[in-house]
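Structure at a glance
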Amino acid sequence: MKTQQKVGLGLALAVLCATLVMPIPNGLSIEGRNTIGLTLFFLILLVTEALPISVSSLLTIGLMPLFRASENFAGAVVGFAHPVVFFIIASFGIAGAIMKVPLTKRVLLVLLRRAGGRIERILLALMVVTAAVSFFMSNVPTCAIMMTIALEFVNLLEDGEEKRRIGKTFMIAIPVATMIGGMATPASSSLNLLAIGLLEQHTGTTITFVQWMATGIPLVIVLIPFAWFLMLKVYKPTPIAPEKIEQYINSLHVPKKMGRKELTVLLILAVMLVLWIASSWLRGIEVFTVAILGCVLFFLPGIRVLRWDEFVKSINWHIIFLSGAVLSIASALVQNGVSTWLVATLYPANLAPGVNLLVALAATLTFVMLLLITSAPALITVLAGPFVAIAVANGVPPAFLIMALAFCACNCYLLPLDTVQLLTYSKGYYRMTDMAKSTVFLQLALIALLAFWIPFMGGLVGLG
């Protein structure tokens, strides 16, 4: 065991023991105090990698009934039955189907040929395709697919310095583009669905697919070029000889005509998108249902884009265990009054900002809290209740603050602590502090954009 892991395990256990003897804060119950302690225990294990992700998740779940964070074990595993978990599982199948056909490479190839042999345009092409793919599936499989494509290009480079600088730029840009694209629709990220579900739970109102699209897609269109500009200015990738770029284009091996399987995948994705949009008006259609049934279609006789053994191998089970554990902890944080306590602790009762400033404050608070609670699903669940209460107290539609919360949680790339960034961070092209050199400006820009855009577009589409 590495020193960092030993320190992390010792610190996590110390926090857990201290939780049992610390005084109960005013306005919080024993269950609430213990839930906070278990949450910190879990986060320390994850950040320090003291134990494998699945082990940390199962350990925390097992401790929840013992610490009275849940009434029994059934309450501790409630998160594993959450629709978001099944959406994530389905997204791995959708990603697997896309990877089985040259659809993504075909789009990328078109963009590369228009790039004119310049590394700047290749980077833009990668980021645009990454964001577009992220419209249809969750962030982890999207990042995994596009990272593989980018590494094919990086591995063609022989010069060490050239490879290092371009590798750093690509490995930072891809998760950033993935997360920006994750704002586009409710189906683009499980975080969006979680936020909508919590809004329904707290207020009985919802955000439709079209309402979210109308707000999210323009943000993506604005932020992708800005992110691309930052990647070029901050990391300065070296120019590449045109013959190397041509070699990369030739290595993609994309057939001139679409085959039957590729056309089938494209058709299924198109139908899924139509149904997701239709779910805004048709009550019988849910985003989760469309994702599950769309995934199943890839296995059916006559289609057979995917085999079951391929699907099972493609699932990152660490992510499934992590998601289930996070959602279970999040449920306990709500049930045990931690959300209500946070309202009284963090929000001054005499503060009465206007709607634009209130959205900006909510976005800023979300980014600050992400440094402490690095799990975006947990953070959304913890802050959803307080944000709804704050919105109601100030006469602002709760959907405004919930959307700001979800958008900012989607863009948690200040440090590579989220699963999406860890995929590229593990390749060794950049250090822990490299990402923040560009992404801090992205987060500041997003705060300013949300303060103006959410109240404006929210009013137009009926969220207000």
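This paragraph deals with the overall build of the chain. Regarding its fold elements, the chain presents 22 helices and zero strands. In summary, the chain has a C-alpha radius of gyration of 22 Å against a globular reference of 23 Å for 464 residues, a match within 12%. Oriented by its inertia axes, the alpha-carbon framework of the chain measures out at about 65 × 55 × 50 Å. Relative to its full complement of 464 residues, the chain shows a buried share of 54%. Put simply, of all contacts in the chain between residues at least 6 apart along the chain, 77% involve residues at least 24 apart. Here the chain has roughly 19600 Å² of accessible surface; of this, 68% comes from carbon and sulfur atoms.

Once that is clear, we can look at the pattern of salt bridges. Scanning the entire structure with this criterion turns up nine salt bridges. Of the charged contacts in the structure, one is a salt bridge between Arg164 and Glu161, with a shortest N-O distance of 2.7 Å. Placement of the pair is Arg164 and Glu161 together in helix α9 (residues 160-181), with a separation of three residues, close to one helical turn. Exposure remark for Glu161: the relative accessible area of 40% places this residue in the partly exposed category.

The subject of this paragraph is the nonpolar core. Ranked by internal contacts, the top residues of the largest apolar core, which has 166 residues, are Phe153, Phe170, Met171, Ile180, Met183 and Leu450. Per-element tally for this core: the top contributor is helix α20 (residues 398-410), with 12 residues. When neighbours within four sequence positions are excluded, Phe170 is seen to be in contact with Ile119, Ile122, Leu123, Leu126, Ala150, Phe153, Val154 and Pro175.

Approximately 710 Å³ is the volume found for the second largest pocket. Along the wall of the second largest pocket there are 32 residues; nearest its centre are Leu193, Ile196, Gly197, Glu200 and Phe288. Sorting the residues of the lining of the second largest pocket by element identifies α10 (190-203), α14 (287-297) and α16 (317-335) as the ones contributing at least two each. If you tally residues by element for the lining of the second largest pocket, the top one is α10, at seven residues. Partitioning the lining of the second largest pocket into residue classes produces 18 nonpolar, 11 polar and three charged.

This brings us to a nonpolar patch on the surface. A contiguous nonpolar patch, built from Phe86, Ile292, Leu293, Val296, Leu297 and Leu300 and spanning about 470 Å² of accessible area, is present on the exposed surface. Among the elements that take part in the nonpolar patch, α14 stands out by supplying four residues, more than any other.

Any two packed helices are characterised by the angle at which their axes cross and by the distance between the axes. α20 packs onto helix α19 (residues 376-393) with a crossing angle of 155° between their chain directions and a minimal axis gap of 8 Å. Taken together, the axes of α19 and α20 lie roughly antiparallel to each other. Crossing of α19 over α20 shows right-handed handedness. Note on element contacts: α20 touches α19 through Pro398, Leu401, Ile402, Leu405, Ala406 and Ala409, opposite Ala376, Ile380, Leu383, Ala384, Phe387, Val388, Ile390, Ala391 and Val392. Of the residues belonging to the contact of α19 with α20, the class tally is 15 nonpolar, no polar and no charged.

Moving on, we get to the packing of aromatic side chains. Each aromatic ring pair is described using two quantities: the centre-to-centre distance and the angle formed by the ring planes. By the definition in use, this model includes nine aromatic pairs. Each ring, one from Phe80 and one from Phe321, has its centre 6.4 Å from the other, and the planes form 70°; the classification is edge-to-face. Of the two residues, Phe80 is situated in the loop between α4 (73-76) and α5 (83-100) and Phe321 in helix α16; the sequence distance between them amounts to 241 residues. Relative to Phe407, the ring of Trp212 lies with its centre 5.3 Å away and its plane at 65°, an arrangement referred to as edge-to-face. On the criterion of sequence distance, the pair formed by Trp212 in helix α11 (residues 209-235) and Phe407 in helix α20 is long-range, its members being 195 residues apart. Exposure class is identical for Trp212 and Phe407. Each is buried. Grouped by ring-pair contacts, the aromatic residues Phe299, Trp308 and Phe311 constitute a single cluster.

Conventions we followed
- Residues numbered from 1 in each chain as written.
- Predicted model: local features only at pLDDT ≥ 70, side-chain atom pairs only at ≥ 80, totals over all residues.
- Heavy atoms only, no water.
- Helix = DSSP H or I, 4+ residues; strand = E, 2+ residues; numbered from the N terminus.
- Rg over C-alpha atoms; globule rule 2.2 N^0.38 Å.
- Buried < 20%, exposed > 50% of the residue type's maximum accessible area, 1.4 Å probe, protein only.
- Contact = heavy atoms within 4.5 Å.
- Areas by Shrake-Rupley, 256 points an atom, 1.4 Å probe, with all protein chains shown as cover.
- Salt bridge = Lys/Arg side-chain N within 4 Å of Asp/Glu carboxyl O.
- Core = buried A, V, L, I, M, F, W, Y, C linked by side-chain atoms within 4.5 Å.
- 1 Å grid on protein atoms, 1.4 Å probe; cavity = no way out; pocket = protein on both sides within 12 Å on 5 of 7 lines; lining within 4 Å.
- Points joined across faces, edges and corners; volume = space filled by probe spheres on them.
- Nonpolar A, V, L, I, M, F, W, Y, C, P; charged D, E, K, R; others polar.
- Patch = residues over 30% accessible without salt bridge, like charges linked within 9 Å, V, L, I, M, F, W, Y side chains within 5 Å.
- Axes fitted to C-alpha atoms, helices over the stretch in contact; angles between N-to-C directions.
- Parallel < 35°, antiparallel > 145°, perpendicular 65-115°, else oblique.
- Left-handed = near helix turned anticlockwise from the far one by under 90°.
- Phe/Tyr/Trp six-rings, centres within 6.5 Å; stacked < 30°, edge-to-face > 60°.

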